[in-house]
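Notes for the structure review
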Amino acid sequence: MKLKVYKGTNLMSEHTIIDLPTGVVSFYMDTHEPRTPAIAVASGPYIYVYKNLRPYFKFTLPTLEVNPVEADLWNQVKEEKINIFVLREMLEGMRAEGTVLTVRSLRFLQLQDVGDCETFANMYKYTPLKRQTVITCLSTMKKSMAEEDAISCLVLGTESKSIYVLDPEAFTVLTTLDLPAVPVFLSVTGLFDVEYRIVVACRNGCIYTLKRGTTDPTKNCIELNSQPVGLERINKTIYVGTMDESLHCYTSKGKKLWTVKLPGSMTTMEVIDYKSKGFKAVIVALNNCQVHIYKEKYLVNVIKTDDVVTGLKFGQFGREEGTLIMTLKGGGLMIKILKRNATFEEKDLSGGPPAAQNTRLNVPKKTKLFVDQTMRERENAVTMHRTFQRDLYLLRLNTLREYAKSLDNSMNPISSDPTEPLKLNAQVQGIGPTFKLTVNLQNTSLSQPSTSLLITFLFDEKLYSFRKAFIEVPMLVPGLNYAFETFVECLSDKGVSDNIKVFVLKDGKSVPIITGVISMPVSEGLVVV
């Protein structure tokens, strides 16, 4: 692992780092002239401070308390009171009970060969037992003044579920804050000597807000639906990217404002604070080689890259105030400079409702008629409700009566008799004066055939004449469609028409099984050539 320093796009120097870095920040640690910031790199349990691009100081996290039972076990091994088998059995029992062990004990439990275990124990049993934590996230906080080049404190989260605030001059721990889970992302605002807020995203899928004098961090807790992959804060709103391909926005009190569905998984995010234009937005890098810029919940720009972006940083680069630096998954470095005459339009480039939907309507003032109507409704609310309920009941009653009447008269193209499940369909073809009438019958039963059925018609004898007004129906096999045809002749040339009723009768019953109503078309009349 190396820390590389670039001037422009040219590599100036390289510094070797022992362990994998988990955070890099720049901060001012003194008031000496000229004002030159220092670089802090978090790696394992250490913070490496570089000043003037040279190693300056190494800070080590304070050691944690070792479990007394574990320390006693290693002391007994040193005094040869127990062997490695007893040590292994006791350590495995402690780990099963949830006891936090040191790195030495965990490494010992990973060994499978007896010879390796004995060699490991003999090598380290005389070394003092220590429990060291590691740094998971790193940020900065202004100490007493809010100027750009004011002295800043280092804020770091550790694997031991703690937040440390370090003094930048003496590198001592100013305060320690405990959390219910391991922190992974930090967003710090305010001054340490005045008032500050630390928004922390943890591995348990929750976001906690810490401030001076906080004793219970669970009071201001935001529970997420998925694990966080990024956390930023703009003014009093908190932006969180989650593993379910979503970008959420919350107030500082934990109320959700909106959620935007992203077209891919998020890799990292950063805040744009372009002060000369008064523009603040959130940059989100996705695994589909795209970088989206969101102004509140609106997508204002999309940057396409050749590779997946894994790191983002926006700020001043040389004389340019608006510079975006991106590191790529394949090891590339990309620098984009924002045009000084760039304009930002808050329009939604993604699908969904238009921005005008969020605009408040110009509701007119209440007129005297509206007020009088409101007062009348308020005074006669009971009477109006009873009238509405009565009309509703009458509507339901009339509907049920008509439905029962249609069932009694079989005025339905589908039979309601379970013993004769039939379906009727009628079609009229022709332009007149002679029409072809086709009646389709289908037995909808699964296994029961229909027999002894008749088809007849009810019509105005002065207007229509049937060639065959009575049709005998053979046995209907279930599932098949049967067509019965007859011809109807219109006797009037005055351009009038009427309805014809089709009845399907059962031999021995006076009530039709099915009744269909056919609306006859107007006859075109006899054309003489």
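About the thresholds
- Residues numbered from 1 in each chain as written.
- Predicted model: local features only at pLDDT ≥ 70, side-chain atom pairs only at ≥ 80, totals over all residues.
- Heavy atoms only, no water.
- Helix = DSSP H or I, 4+ residues; strand = E, 2+ residues; numbered from the N terminus.
- Contact = heavy atoms within 4.5 Å.
- Pairing = 2+ DSSP bridges.
- Axes fitted to C-alpha atoms, helices over the stretch in contact; angles between N-to-C directions.
- Polar contact = N/O pair within 3.5 Å; in protein donor to acceptor, adjacent residues only side chain to side chain.
- Salt bridge = Lys/Arg side-chain N within 4 Å of Asp/Glu carboxyl O.
- Buried < 20%, exposed > 50% of the residue type's maximum accessible area, 1.4 Å probe, protein only.
- Arc of directions from axis to C-beta.
- Core = buried A, V, L, I, M, F, W, Y, C linked by side-chain atoms within 4.5 Å.
- UniProt positions renumbered as here; feature names shortened; annotations may be inferred.
- Parallel < 35°, antiparallel > 145°, perpendicular 65-115°, else oblique.
- Nonpolar A, V, L, I, M, F, W, Y, C, P; charged D, E, K, R; others polar.
- Left-handed = near helix turned anticlockwise from the far one by under 90°.

With an unreviewed UniProt entry as reference, the chain is termed Bardet-Biedl syndrome 1 protein homolog isoform X2, source organism Crassostrea virginica.

1. So, the side chain of Lys125
Here Lys125 shows up in the loop between helix H4 (114-124) and strand E7 (135-142). Those residues in contact with Lys125 that lie beyond four places of it in its chain are Trp74, Val77, Lys78, Glu80 and Arg104.

2. Notes on the sheet that holds strand E11 (residues 183-190)
Read across the sheet, four strands follow the order E11-E12-E13-E14 without closing on themselves; strand pairing throughout is antiparallel. Here the strands that pair on one side only, and so sit at the sheet edges, are E11 and strand E14 (221-223). On average, each strand axis in the sheet is inclined to that of its neighbour by 15 degrees, with strand direction left out of account. Across five bridges, strand E12 (residues 196-202) lies against strand E13 (residues 206-211) in antiparallel orientation. Bridging from a neighbouring strand, Ile198 pairs with Leu210 of E13.

3. Points about the side chain of His292
The residue His292 is located in strand E21 (residues 290-295) in this model. A distance of 2.9 Å separates a polar atom in the side chain of His292 from a polar atom in the side chain of Gln290. In contact with His292, not counting residues within four places along its chain, are Pro263, Val282, Ile283, Val284, Leu286, Leu299, Asn301 and Val302.

4. Structural notes on the pattern of salt bridges
Enumeration over the complete set of coordinates arrives at eleven salt bridges. The salt bridge involving Lys2 is made with Glu14; its shortest N-O contact spans 3.2 Å. Pair noted here: Lys2 is in strand E1 (residues 2-7) and Glu14 is in strand E2 (residues 10-16), with a separation of twelve residues, a long-range link. By relative accessible area, Lys2 is classed as exposed at 52%. A relative accessible area of 37% places Glu14 in the partly exposed class. A salt bridge links Asp30 to Lys51; its shortest N-O distance comes to 2.3 Å. With a gap of 21 residues between them, Asp30 in the loop between strand E3 (21-27) and strand E4 (38-43) and Lys51 in strand E5 (residues 46-51) connect regions that are remote in the sequence. A relative accessible area of 17% means that Lys51 is categorised as buried.

5. Some words on helix H1 (residues 68-78)
Buried within H1 are the following residues: Glu70, Leu73, Trp74 and Val77. Buried residues along H1 cover an arc of 90 degrees about the axis, so they all sit on one side. Close packing links the buried residues of H1 with helix H2 (84-96), helix H3 (103-110) and H4. Between a side-chain oxygen at the N-terminus of H1 and the backbone nitrogen of Val69 the separation is 3.0 Å; the capping residue is Asn67. With its phi angle positive at about 60 degrees, Glu80 sits one or two positions after the end of H1.

6. Topic: the nonpolar core
Membership of the largest hydrophobic core comes to 26 residues, with the highest contact counts inside it found for Leu441, Ile455 and Phe457. Look past the residues within four positions of Leu441 in its chain and what remains in contact with it is Lys423, Leu424, Ile455, Val473, Leu476, Leu480, Asn481, Tyr482, Phe484 and Val504. One finds Val165, Val188, Phe192 and Cys206 within the second-largest nonpolar core, a separate group that totals 19 residues.

7. Describing the UniProt feature "domain: Bardet-Biedl syndrome 1 N-terminal" (unreviewed entry) in the chain
According to UniProt, the "domain: Bardet-Biedl syndrome 1 N-terminal" (unreviewed entry) feature falls on residues 1-211. Secondary structure content for residues 1-211 is 20% helix and 41% strand, and the end C-alpha separation is 35 Å.

8. As for the packing of H2 against H4
Relative to each other, H2 and H4 sit at 90 degrees, their axes nearing to 10 Å. As far as their axial angle goes, H4 and H2 are roughly perpendicular. Touching Ile84, Phe85 and Arg88 of H2 are Val114, Cys117, Glu118 and Ala121, all from H4. Residues that form the contact of H2 with H4 fall into these classes: five nonpolar, no polar and two charged.

9. Concerning the environment of Cys202
Along the polypeptide, Cys202 turns up in strand E12. Residue classification places Cys202 among the buried residues on the basis of a relative accessible area of 0%. For Cys202 and Cys221, which are 19 residues apart along the polypeptide, the C-alpha to C-alpha distance reads 11 Å.

10. Some words on the sheet that holds strand E24 (residues 320-328)
Read across the open sheet, the three strands follow the order E23-E24-E25; overall the sheet is antiparallel. Edge positions in the open sheet fall to strand E23 (309-317) and strand E25 (333-337), since each of these has one partner strand only. Mean inter-strand twist for the sheet, computed between neighbouring axes without regard to direction, equals 20 degrees. Alignment of E24 against E25, held across five bridges, turns out to be antiparallel. Following the sheet pairing, Thr327 is matched in E25 by Leu333.

11. Side note on the packing of H2 against H3
Taken N-terminus to C-terminus, the directions of H2 and H3 make an angle of 110 degrees; their axes are 10 Å apart at the nearest point. Here H2 is positioned roughly perpendicular relative to H3, judged by the angle of their axes. The interaxial crossing formed by H2 with H3 has left-handed handedness. Contacts between H2 and H3 involve Ile84, Leu87, Arg88, Leu91, Glu92 and Arg95 from the first element and Ser105, Leu106, Phe108 and Leu109 from the second.

12. Some points on the UniProt feature "domain: Bardet-Biedl syndrome 1 protein GAE" (unreviewed entry) in the chain
Summarizing the sequence annotation, UniProt attributes the feature "domain: Bardet-Biedl syndrome 1 protein GAE" (unreviewed entry) to residues 422-524 in the numbering used throughout. Helix makes up 0% of residues 422-524 and strand 53%, with an end-to-end C-alpha separation of 34 Å.

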